[in-house]
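So you can see what is in the structure, the chains are spelled out below.
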Amino acid sequence: MLKVTKFGGSSLASSEQFRKVADIVNADPARRYVVPSAPGKRFSEDVKVTDMLYACYKAAVHGEDFKKRFDEIKDRYNGIISELGLTLDLSKEYEMIESGFKGRAGRDYAASRGEYLNGLILAEYLGYQFVDAAEVVFFNEDGSFNADMTNQAVRDRLSGVEKAVIPGFYGSTPNDTIKTFSRGGSDITGSIVAAAVKADLYENWTDVSGFLVADPHVVDSPAVIETITYKELRELSYMGATVLHEDAIFPVRKEGIPINIKNTNKPDDPGTMIVESTSKKPEYTITGIAGKKGFTAVNIEKDMMNSEVGFGRKVLEQFEKNGLSFEHMPSGIDTMTVIVHQKEFVEKEQDVLAGIHRNTSPDSIDIEPGLALIAVVGRAMKAAKGTAFKIFEALAKAGVNVKMIDQGSSELNIIIGVREEEFEVAFRAIYNAFVK
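Remember, predicted model here, so these are calculated numbers, not experimental data.

Draft legend 1. Representation of the pattern of salt bridges. One pass over the full model with this rule turns up 21 salt bridges. Ionic pairing is found between Asp187 and Lys6, a salt bridge with its closest N-O pair at 2.8 Å. With Asp187 in helix H7 (residues 186–196) and Lys6 in strand E1 (residues 3–7), this residue pair connects regions lying 181 residues apart in the sequence. As far as the burial class goes, Asp187 and Lys6 line up, both buried.

Set out below in structure tokens:
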């Protein structure tokens, strides 16, 4: 058995958390490769080290004295080292980082040092070998991830290493410049390492006991999902569920490696298993609910548009020309609606509308801002009768007006559009209809 374990920022925010991590790793000899994040918040008012590094680097770039900010960062790490009783001295690393800040080595370099330093400390504490991610995780010159080169490098580097710590979040480009994944990218690093070494399981340790059926900020004490498929997770992650970085799925999915979301503070909880497919029957008809606010509907009307060849292409071409992607596109015989992110659309709306008028000569165009989208996702929905009825009955009883409905042919999810001010009410109504 071989496991790759990734620990998030909350799991490594303090010396107390480091001890929990060490207990977890040492409890299972299969946990041979560990991927750490930078220290997160120790308490609600605290600041994540990554944010401290960004602020410190910004001050350096603007020519400000950043010594105080940098000293605060050093204090965070030195405090952990001291409290763990380690003799590790990071003075040389601090000097290199300070020099990099003065030389404007880049925001990615600055942010990556959080994982780098935490990796050094964790490797020392566990007695594991430290492997710098910059030596095994590679990006192309254009900033895109080089999967083939990385897989080979990780495989070769770890082939003779029994136990290692590989920092998450960053890698390097061909000219040795540090490049990071998007925020939360340590999840991706863990997935990459798991795929490269062909692990039996990728464990992702965080501060919740698995993936929840709904957002706990909207629903009180939502149920935990026991098992979820990659496809279901993708749908929920895209719509705002953020326990795992959505791009972390791809490397392990290719190798058929399951992911186990676990709680560092409650290691005995089973957590959530993320798998390719499963015969396990879910506890509820739906697997999960997720949603986002901040959408705009562009409603286009034209008699007989359904018989006009190329009408849809002509409309979407105007969004493409303005660098806008669309989220959903429900349509009727004489109507077509394009759902877009409001924040991105508002600055270019008049250019888009003018282009649609020139290209398609619609009867009318109406813009409806302030929409929220809710995704109801579940592999069991396909075989269950009356799922849609149950959703809309719950919304009707809650007095919510549905503005949009969209369902893919896979029947894996149903997307509902509602007014932003009715988002929370609608969300809870759907949850209660299926879970309580």
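There is more to say, and it comes next.
Draft legend 2. Broad picture of a negative patch on the surface. On the surface, a cluster of negative charge is made up of Glu301, Asp303, Asp363 and Asp366. Looking at the element boundaries, Asp303 is found in the loop between strand E11 (288–301) and helix H10 (311–321). Residue Asp303 is classed as exposed on the basis of its relative accessible area of 55%.

Draft legend 3. Highlighting the nonpolar core. With 120 residues, the main nonpolar core has Val4, Tyr33, Phe101, Ile121, Leu158, Ile166 and Ile430 as its most contacted residues. The element contributing the most residues to this core is helix H5 (residues 107–126), with nine residues. With 14 residues, the next largest nonpolar core counts Val298, Ile300, Leu324 and Ile356 among its residues.

Draft legend 4. Examining the pairing of strand E15 (residues 413–419) more closely. In terms of burial, E15 is a largely internal element, six of the seven residues being buried. Pairing of strand E13 (residues 364–377) with E15, which is carried by seven bridges, proceeds in the antiparallel orientation. By the bridge assignment for E15, Ile374 is matched with Ile416. Where strand E14 (residues 404–407) lies against E15, four bridges are found, and the strand directions are antiparallel. Looking at E15, one finds that Asp406 is bridged to Ile415.

Draft legend 5. The sheet that holds E15, seen in detail. Strand order across the open sheet formed by five strands is E12-E11-E13-E15-E14, with antiparallel pairing between neighbours. Only two strands of the sheet have a single partner each, and these edge strands are strand E12 (335–341) and E14. Each strand of the sheet is rotated relative to its neighbour by a mean of 35 degrees, with strand direction disregarded. Helix-sheet contacts for helix H12 (residues 349–360) involve E11 and E13, and the interaxial angle to E13 is about 110 degrees. This element, helix H14 (residues 423–434), spans E11, E13 and E15 of the sheet and lies at about 125 degrees to E11.

Draft legend 6. Molecular detail of a positive patch on the surface. Together, Lys58, Lys68, Arg69 and Arg107 give the surface a local cluster of positive charge. Note on placement: Lys68 falls in helix H3 (residues 67–83).

Draft legend 7. Spotlight on the packing of H3 against helix H4 (residues 91–102). Between H3 and H4, whose axes approach to 12 Å, the crossing angle comes to 150 degrees. Judged by the inter-axis angle, H3 sits roughly antiparallel to H4. Here the hand of the crossing between H3 and H4 comes out right-handed. For the pair H3 and H4, contact is made by Phe70, Lys74, Tyr77 and Asn78 and by Tyr94, Ile97 and Glu98, respectively. Here the residues of the contact of H3 with H4 sort into four nonpolar, one polar and two charged.

Draft legend 8. Expanded view of the sheet that holds E1. Pairing is mixed across the open sheet formed by eight strands, whose spatial order is E3-E4-E2-E1-E7-E9-E10-E8. The open sheet terminates on both sides in strands that have one partner only, identified here as strand E3 (129–130) and strand E8 (227–229). Sheet topology note: the E1/strand E2 (residues 31–36) ladder contains five bridges and is parallel. Within E2, the residue paired with Phe7 across the bridge is Pro36.

Draft legend 9. Summary view of H12. Taking 1.5 Å per residue, 12 residues should reach 16 Å; H12 reaches 16 Å between its end C-alpha atoms and fits that length. Contacts made by the buried residues of H12 are with E11, H10, helix H11 (342–345) and E13.

Draft legend 10. Quick peek at the packing of aromatic side chains. Counted according to the given criterion, the structure contains 12 aromatic pairs. Look at Tyr57 and Phe101: their rings are 5.4 Å apart centre to centre, the planes differ by 75 degrees, and that puts the pair in the edge-to-face class. With Tyr57 in helix H2 (residues 49–61) and Phe101 in helix H4, this residue pair connects regions lying 44 residues apart in the sequence. A ring pair is formed by Phe139 and Phe145, whose centres lie 6.0 Å apart and whose planes are at 70 degrees; its orientation type is edge-to-face. Among the aromatic side chains, those forming a connected cluster through ring pairs are Tyr57, Phe66, Phe70, Tyr94 and Phe101. Geometry around Tyr116 places Arg113 over its ring, the cationic atom sitting 4.5 Å from the centre. The ring of Tyr170 has Arg113 lying over it, and the distance from NZ or CZ to the ring centre is 5.2 Å.

Draft legend 11. Just unusual backbone geometry, in detail. A positive phi angle is found at Ser221, which is not glycine, with a value near 45 degrees. With respect to the element layout, Ser221 can be found in the loop between strand E7 (201–206) and E8. On the basis of relative accessibility, which here comes to 71%, the residue Ser221 falls in the exposed class. Backbone geometry at Met304 places phi at a positive 65 degrees, although glycine is not the residue there. The exposure class assigned to Met304 is exposed, which follows from its relative accessible area of 53%.

Rules used throughout
Residues numbered from 1 in each chain as written. Predicted model: local features only at pLDDT ≥ 70, side-chain atom pairs only at ≥ 80, totals over all residues. Heavy atoms only, no water. Salt bridge = Lys/Arg side-chain N within 4 Å of Asp/Glu carboxyl O. Helix = DSSP H or I, 4+ residues; strand = E, 2+ residues; numbered from the N terminus. Buried < 20%, exposed > 50% of the residue type's maximum accessible area, 1.4 Å probe, protein only. Patch = residues over 30% accessible without salt bridge, like charges linked within 9 Å, V, L, I, M, F, W, Y side chains within 5 Å. Areas by Shrake-Rupley, 256 points an atom, 1.4 Å probe, with all protein chains shown as cover. Lys, Arg positive; Asp, Glu negative; His and termini not counted. Charge placed at Lys NZ, Arg CZ, Asp CG, Glu CD. Core = buried A, V, L, I, M, F, W, Y, C linked by side-chain atoms within 4.5 Å. Pairing = 2+ DSSP bridges. Axes fitted to C-alpha atoms, helices over the stretch in contact; angles between N-to-C directions. Contact = heavy atoms within 4.5 Å. Parallel < 35°, antiparallel > 145°, perpendicular 65-115°, else oblique. Left-handed = near helix turned anticlockwise from the far one by under 90°. Nonpolar A, V, L, I, M, F, W, Y, C, P; charged D, E, K, R; others polar. Expected span 1.5 Å × (residues − 1). Phe/Tyr/Trp six-rings, centres within 6.5 Å; stacked < 30°, edge-to-face > 60°. Lys NZ or Arg CZ within 6 Å of the ring centre and 35° of its normal.

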